[in-house]
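Structural overview for review
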Amino acid sequence: MREVYCGTSGKLSTESLKTPQLIRVSFKFSAAMCLFSFFQPAWSSLQEQDLCHSAVIGVKQEKLGRLGIGVLDIETGATNYCRGTEHFPMQSVFKLPVAIAVLDHVDNGLYTLEQSITLQKEDLSVLYSPLAESFRGPEQSYTVKELLTRMIQDSDNTACDVLMHHIGGPKVVTETLKRHGIEDISVDRYERELQPEIFGLQPMKLGHAIDKARWERKKRSATGARAHKAFSAHISGDKRDTSTPQAMLDLLHKLYLGKLLTPSSTKFLLDTMAGTKTGTKRLRAALPAGSTLAHKTGTGPDLDGINSATNDVGIVTLPNGHRFAIVVFLTGSSLSEEDRESAICNVCRYVVNQTK
């Protein structure tokens, strides 16, 4: 069992997760203690321009693109934003809302984590999917738990589309969030629809096997006016499959507080997020030894040197027990992937330094 989320002692026990009242008590105590620390004054003095500027240390500002940031001090509830109400393409960050919707079905008795789902070749995605790469034979079965883990930790597109299909599609995900008061997060398409449409290509239909070679040829040919129009809309203007930093921060906070799922499902998802394998040079690279991070990354494709999205969102617990949620969305950047990840790392490092 991985212990990820801290109280004043630095750990939140399994028993505390089972009792929401205990969580609220620990928050009140932590908030009171925080008044005597330097953490609260530093956060209250943060300005939007400071957050935005923190990303450009060591990178070319003119190539940065559009940056959105949200930071929440879990101890006190203090928040700070950079373009907090603007919409940004989520890319694979949207798999976190999908996981919440699937676990909502589990909590309501419609599925169990151990329930088996059988996949056939027509369910596989040629877009990023380790599951598809390892698939053998005409069909294979996976539990809901296995698919959720692959979707979050590996960012597997096959697992994501299959799970979304089984709960009723993208709209169910958005409706689940709205039921919990989370606005401005819109999940509208399956991965096999979203990724081709970024380039103005026809979406791939569910239930149809995808020819990988044909897809690669189509993607390479997507360089004309139609592709540029679709790509431009995706990074600025099209609100489908987007989130504001403020809305994503609200999701993270409510997830942590246990307001979205049962205690067991909350713990499962946070533990799974703590095992995320992607984005090691983003938020995680800014954290001091002994910190923990439960997060979900998102990375979109490029067109003519412009990147659609490089994102990372999560909940951090520092060695001194301070906890904060952080959202960093970056779109329309012409920086290299290394520099985009450095920009995200810079933001997180800046926030960490405010706790000292």
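Parameters and conventions
Along each chain, residues carry numbers from 1 onward, in the same order as the chain's sequence is written. The predicted origin of the model limits local features to residues at a pLDDT of at least 70 and limits the giving and counting of side-chain atom pairs to 80 or more, whereas totals for whole chains, interfaces and linings rest on all residues. Remark: hydrogens and water are excluded; side-chain values derive from all non-hydrogen atoms of the structure. Here the aromatic set is Phe, Tyr and Trp, taking the six-membered ring for Trp, and pairing holds for ring centres within 6.5 Å; pairs whose planes are under 30 degrees apart are stacked, those over 60 apart are edge-to-face, and all others are tilted. In our convention, an over-ring charge means Lys NZ or Arg CZ found within 6 Å of a ring centre and within 35 degrees of that ring's normal. Only strands that DSSP links by at least two bridges are regarded as paired with each other. Helix and strand assignments come from DSSP, with helices taken as H or I runs of at least 4 residues and strands as E runs of at least 2, each series counted from the N terminus. For helices, the fitted line uses only the C-alpha atoms of the stretch in contact; every axis is such a line through C-alpha atoms, and the angle between N-to-C directions lies from 0 to 180 degrees. By the convention used here, residues are in contact when the closest approach between their heavy atoms is within 4.5 Å. A patch consists of residues whose relative accessible area exceeds 30% and which take part in no salt bridge; residues with like charges are grouped when within 9 Å of each other, and nonpolar side chains (Val, Leu, Ile, Met, Phe, Trp, Tyr) when within 5 Å. Note on areas: these come from Shrake-Rupley sampling with a 1.4 Å probe, and a residue is covered only by the protein chains present in the view. Definition used for salt bridges: Asp or Glu carboxyl oxygen within 4 Å of a side-chain nitrogen of Lys or Arg. His is not counted here, nor are the chain ends, while Lys and Arg score as positive and Asp and Glu score as negative. By convention, the point assigned to a charge is CZ for Arg, NZ for Lys, CD for Glu and CG for Asp. Summary of the burial criterion: residues with accessible area below 20% of their type's maximum are buried, those above 50% are exposed, and those between are partly exposed, where the area comes from a 1.4 Å probe applied to protein chains only. Each angle gets one of four labels, with under 35 degrees taken as roughly parallel, over 145 as roughly antiparallel, 65 to 115 as roughly perpendicular, and the rest as oblique. Disulfides are defined in this document as cysteine sulfur pairs within 2.5 Å.

**Thoughts on the packing of aromatic side chains**
Within the structure shown, the criterion is met by two aromatic pairs. The ring of Phe88 is capped by Arg66, whose NZ or CZ atom sits 4.2 Å from the centre of that ring.

**So, the sheet that holds strand S12 (residues 323–331)**
Spatial strand order, S2-S1-S12-S11-S8: five strands in an open sheet with antiparallel pairing. Strands at the two margins of the open sheet, each flanked by one partner only, are strand S2 (79–82) and strand S8 (292–299). Averaged over neighbouring strand pairs, the angle between their axes works out to 5° when direction is ignored. Alignment of S8 against strand S11 (residues 310–317), held across eight bridges, turns out to be antiparallel. By the bridge assignment for S11, Leu293 is matched with Val316.

**Digging into unusual backbone geometry**
A positive phi angle, near 60°, is found at Ser155, a position not held by glycine. As for its position among the elements, Ser155 is in the loop between helix H7 (144–153) and helix H8 (157–167).

**Description of the side chain of Asn346**
Considering the arrangement of structural elements, one finds Asn346 in helix H15 (residues 337–353). In this view, Asn346 contacts Ser54, Ala55 and Ile57; residues no more than four positions away in its chain are not counted.

**A look at a positive patch on the surface**
There is a patch of like positive charges on the surface, built from Arg214, Arg217, Lys218, Lys219 and Arg220. Structurally, Arg220 can be placed in helix H11 (residues 212–221). On the accessibility criterion, Arg220 (58% relative accessible area) is exposed.

**Concerning the pairing of S2**
Side chains Asn80 and Cys82 of S2 all project onto a buried face; the interleaved residues Thr79 and Tyr81 project onto a face where none is buried. Alignment of strand S1 (residues 66–73) against S2, held across four bridges, turns out to be antiparallel. Looking at S2, one finds that Gly70 is bridged to Tyr81. Linkage of S1 to S2, two consecutive antiparallel strands, is achieved through a turn of five residues, within which Gly77 is found at a positive phi near 85°.

**Observations regarding the pairing of S12**
Counting buried positions along S12 yields nine of nine residues, so the element is predominantly enclosed. Pairing of S1 with S12 involves eight bridges; the strand directions are antiparallel. Of the residues in S12, the one forming a bridge with Gly68 is Phe329. Of the strand pairs in this sheet, S11 and S12 are connected by eight bridges, and their pairing is antiparallel.

**Examining the packing of helix H10 (residues 191–198) against helix H12 (residues 225–235)**
Interaxial distance between H10 and H12 falls to 8 Å at its minimum, and their mutual angle equals 120°. As judged from the angle between their axes, H10 and H12 are oblique. Across from Leu194, Glu197 and Ile198 in H10, the residues of H12 making contact are Ala227, Ala230, Phe231 and His234.

**Regarding the sheet that holds strand S3 (residues 88–89)**
Two pairing modes exist for strands in a sheet, parallel and antiparallel, and in both the strands are linked by backbone hydrogen bonds. Pairing is antiparallel in the open sheet, where three strands are placed in the order S3-S7-S6. Two strands in the sheet have a free side with no partner beyond their single neighbour: S3 and strand S6 (185–186).

**Digging into the state of the cysteines**
In this structure the tally under the stated criterion is zero disulfides. Unpaired in terms of disulfides, Cys345 finds its nearest cysteine sulfur in Cys348, a separation of 7.1 Å. Accessibility expressed as a relative area gives 7% for Cys345, which makes it buried. We classify Cys348 as buried; its relative accessible area is 0%.

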